[in-house]
Amino acid sequence: MVSASASLRPASLPRQGDRGTKIEVEHLSFYYGRFQALKDVSLAIRERQITALIGPSGCGKSTFLRALNRMNDIIEGARTEGVVRLDGEDIYDPAVDVVALRRRVGMVFQRPNPFPMSVFENVAYAPRIHGLARGSDLEELVEDSLKRAALWEEVKDKLKASAFELSGGQQQRLCISRVLAIDPAVVLMDEPCSALDPASTLRIEELMHELQQKYTIVIVTHNMQQAARVSQETGFFLHGELIEFGPSAMIFTDPTDKRTEDYVTGRFG
Amino acid sequence: MSALAARRAGLQQLRRRAANSTMWFVAVLCVLAAILPLGFVLYYVLAQGASGINLDFFTKLPKPVGEPGGGMANAIVGSLILVGLASLVGLPVGILGGIYLAEFGNNRFAWTIRFLSDVLSGVPSIVVGIFIWAMVVVPTHRLSGMAGGAALGVMMIPTVMRTTEELVRLVPMSLREASLSLGATHRRTVFKVVLVAARGGVVTGVLLAVSRIAGEAAPLLLTAGSSPFWSTRIDQPMPSLPVQIFTYAIQPYDDCHRQAWAAALVLVSLVFVLSVAARYATRGRFRMVR
């Protein structure tokens, strides 16, 4: 257990290998009005690897993901308890600027949700609002972001076309490059492939594999094969509780908890 | 299948087909009934107004009543200025109000605004005219384009506000989330993403409002008044097509009537051109696929 002392600020706790802790969650509870969606969840997400969150619908895994960049803030009547530290800094501290936080923790959603703008403008949107680049620098940044999302070759001739003209898989990669354009430290993915066909899913998975060299990735998925394929660590949620968290190989082959075993072997959920 | 059962099935099918064609016929009839008056109005305005249209009509000032010839150049320009002034009042208030109702409108204050706006959209235009007359014309001791623009602007607000609200509400939450998750503020999200996505619908609302006020004569009689001269100063009485139509239509001279029809035709065309232009300017290149 990590010391809760604020003065220590454990920026990167060495744990089992060379990966330091990027995000540390302690006793996180979340309420939609009276309903408690997360119950005392504690876990550590390590940097530059993929952490998968699995569990049946309504188990709180998406809510947990959205707690990491404070997207739950926009829900009326919602309440968060507990501590979430990003690089040792409590993101729920009143002094924290949500805008700055979300610059560091990007998010990709379940359904591709490009803006009603051109391909270029979609990627340029966030760098513009944060004043990162303009003119030819911006063009370079957009190109670079599209390359990192493995989309450049497919869209380089239609940067001015509407983002809605792209296929679903391309749209999702566009949403990923939109996030990469502000170079966040963490990328949260909320079932990024659930609206995509198998070929597009494969492309996104390959992309995630590349991205983990540089980014800390947390992915929520309904697809257990996907979690097993892409992630190094996996957490299993049930009824708002984190039942089990550990190396993916262990979770999927030799889970400690009976409920985890029932779920990963397809006995329910 | 027995012969009897087969006959019954055939009968059922026959009845179903008969019901189907009957309903189709009734539906088509209703559509025709809805379109017919519109067609007649357009045809009549065109047939009656076309003969009065000539270069003079667009370039000359009105002749004194009873004298043939002359045009309505001042009223055409006046109408455009009045609609412009009205938009200056009605669009910012309507659009920003609509955004407020859609984005923050979950409280008693917003509920009250919504109710009042619905009431306002039902208020007869002449009453709006009297209101502006009392608020602007009486204190300034003069009918003016300003007062006319204010009256028309007030009339625009409910239409623009409620359509903006509805359309902004329709923008999927996922778009807002995408913008917010990239570190955009709520303000930027609304103006750069939500409004852009709702643009087509908002324009439709604005056009509806403009079309409605462009043809209003009653409130202008009490606010902008009329003038046989060039009048581009908004602190002076300002002529307009609807008021001119009214003035000419009640004259006993055939030439006046022809002028009134021509003015009606110009008014209809003006609204039509405005609609097409606005649609073209904001056409949905980035239309959302639903």
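Residues numbered from 1 in each chain as written. Chains lettered and ligands numbered in written order. Predicted model: local features only at pLDDT ≥ 70, side-chain atom pairs only at ≥ 80, totals over all residues.

Caption draft 1: Main features of the overall build of chain B. Across its full length, chain B holds 11 helices and 0 strands. For chain B, the N- to C-terminal ordering of α and β elements is α-α-α-α-α-α-α-α-α-α-α. Rg of the C-alpha trace for chain B: 25 Å, well past the compact-globule value of 19 Å for 290 residues, more than 25% over. Referenced to the eigenvectors of the C-alpha coordinate spread, the extents of chain B come out at roughly 90 × 60 × 35 Å. (Helix = DSSP H or I, 4+ residues; strand = E, 2+ residues; numbered from the N terminus. Rg over C-alpha atoms; globule rule 2.2 N^0.38 Å.)

Caption draft 2: Structural detail: the overall build of chain A. Scanning chain A from terminus to terminus reveals 10 helices and 10 strands. Expected size for 269 residues packed as a compact globule is a radius of gyration near 18 Å; at 19 Å, chain A falls within 12% of this value. Dimensions of chain A, computed from C-alpha atoms along their principal axes, come out at roughly 50 × 45 × 40 Å. Counted over contacts in chain A with a minimum sequence separation of 6, partners at least 24 positions apart contribute 66%. (Contact = placed C-beta atoms within 7 Å.)

Caption draft 3: Summary view of the interface of chain A and chain B. If you look at the interface, chain A gives 22 residues, while chain B gives 19 residues. Residue assignment for the side of chain A that touches chain B shows that the elements contributing at least two residues are helix 2 (98–104), strand 6 (105–108) and helix 3 (119–129) of chain A. In the side of chain A that touches chain B, the residues fall into 13 nonpolar, 5 polar and 4 charged. (Nonpolar A, V, L, I, M, F, W, Y, C, P; charged D, E, K, R; others polar.)

Caption draft 4: Expanded view of the sheet that holds strand 6 of chain A. All names here are of chain A. Spatial ordering of the open sheet is given by 6-7-8-3-9-10, a layout of 6 strands whose pairing is mixed. Looking at strand neighbours, the two that pair on one side only are strand 6 and strand 10 (241–247), the edges of this open sheet. On average, adjacent strands in this sheet sit at an angle of 15° to one another, irrespective of strand direction. Looking at chain direction, strand 6 and strand 7 (residues 186–190) are connected through 4 bridges and run parallel. Directly across from Val-105, in strand 7, lies its bridge partner Val-186. (Pairing = 2+ DSSP bridges. Axes fitted to C-alpha atoms, helices over the stretch in contact; angles between N-to-C directions.)

Caption draft 5: Examining unusual backbone geometry more closely. Residues and elements named next belong to chain A. Positioned with a positive phi, Asp-183 is a non-glycine residue whose angle comes to about 50°. When the 18 C-beta atoms within 10 Å are taken as the criterion, Asp-183 is described as partly exposed. Phi at His-239 takes a positive value of approximately 50°, unusual for a residue other than glycine. Taking the C-beta count within 10 Å as the criterion, His-239 has 14 such neighbours and is therefore assigned partly exposed. (Buried ≥ 20, exposed ≤ 12 C-beta atoms within 10 Å, placed from the backbone.)

Caption draft 6: Up close: the domain arrangement of chain B. Residues and elements named next belong to chain B. Looking at the assigned domains, one finds that chain B contains domain 1 (3–52) and domain 2 (55–281). Between the C-alpha centres of domain 1 and domain 2 the distance comes to 36 Å. Contact residues are listed per partner, giving 7 residues for domain 1 and 8 residues for domain 2. Among the residues forming the side of domain 1 that touches domain 2, the class breakdown is 3 nonpolar, 4 polar and no charged. (Domains from an automatic or database assignment.)

Caption draft 7: Broad picture of the pairing of strand 2 (residues 35–46) of chain A. Residue and element names in this part refer to chain A. Two strands pair when backbone bridges link them, and strand 1 (residues 21–32) and strand 2 are joined in this way by 8 bridges, in the antiparallel orientation. Paired with Glu-24 across the two strands is Ala-44, which belongs to strand 2. The turn linking strand 1 back onto strand 2 is made up of 2 residues, and Gly-33 within it adopts a positive phi angle of 60°.

Caption draft 8: Molecular detail of the environment of Arg111(A). With respect to the secondary-structure elements, Arg111(A) resides in the loop between strand 6 and helix 3. Given 16 C-beta atoms within a 10 Å radius, Arg111(A) is considered partly exposed. For the pair formed by Arg111(A) and Asp190(A), sequence separation is 79 residues and the distance between their alpha carbons is 8.9 Å. If near-sequence neighbours (up to four positions away) are discounted, Arg111(A) is found in contact with Ala195(A) and Ser174(B).

Caption draft 9: The packing of helix 6 (residues 145–170) of chain B against helix 8 (residues 186–214) of chain B, seen in detail. All names here are of chain B. At a minimum axis distance of 8 Å, the contact between helix 6 and helix 8 shows a crossing angle of 150°. One finds that helix 6 runs roughly antiparallel with respect to helix 8. In the crossing of helix 6 with helix 8, the sense of the turn from one axis to the other is right-handed. Between helix 6 and helix 8, the residues in contact are Leu-152, Met-155, Met-156, Thr-159, Val-160, Thr-163, Thr-164, Leu-167, Val-168 and Leu-170 and Val-194, Ala-198, Gly-201, Val-202, Thr-204, Gly-205, Val-206, Leu-208, Ala-209, Arg-212 and Ile-213, respectively. Here the residues of the contact of helix 6 with helix 8 sort into 14 nonpolar, 6 polar and 1 charged. (Parallel < 35°, antiparallel > 145°, perpendicular 65-115°, else oblique. Left-handed = near helix turned anticlockwise from the far one by under 90°.)

Caption draft 10: Expanded view of the sheet that holds strand 4 (residues 78–86) of chain A. All names here are of chain A. Read across the sheet, 4 strands follow the order 2-1-4-5 without closing on themselves; strand pairing throughout is antiparallel. Looking at which strands have only one partner, the edges of the open sheet turn out to be strand 2 and strand 5 (89–90). Relative to strand 4, strand 1 runs antiparallel, the two sharing 8 bridges. Within strand 4, the position partnered with Tyr-31 by the bridge is Arg-79.

Caption draft 11: Main features of helix 4 (residues 108–122) of chain B. The end-to-end C-alpha separation of helix 4 of chain B is 22 Å, in line with the 21 Å expected for 15 residues at 1.5 Å each. The buried fraction of helix 4 of chain B amounts to 1 of the 15 residues, a small share that puts the element mostly on the outside. (Expected span 1.5 Å × (residues − 1).)

Caption draft 12: Quick look at the environment of Ile213(B). Residues and elements named next belong to chain B. Positionally, Ile-213 belongs in helix 8. Considered as a pair, Ile-213 and Val-83 are 130 residues apart in the sequence and their alpha carbons are 7.4 Å apart. In this structure, Ile-213 is in contact with Val-83, Ala-86, Leu-152, Met-155 and Met-156, ignoring residues within four places of it in sequence.

Caption draft 13: Region of interest: the confidence of the model for chain A. Of the residues in chain A, 93% reach a pLDDT of 70 or more, and the chain-wide mean stands at 89. Across residues 1–16 of chain A, confidence stays below pLDDT 50; counting only partners more than four residues off in sequence or on other chains, it has 15 contacts. (pLDDT = per-residue confidence, 0-100.)

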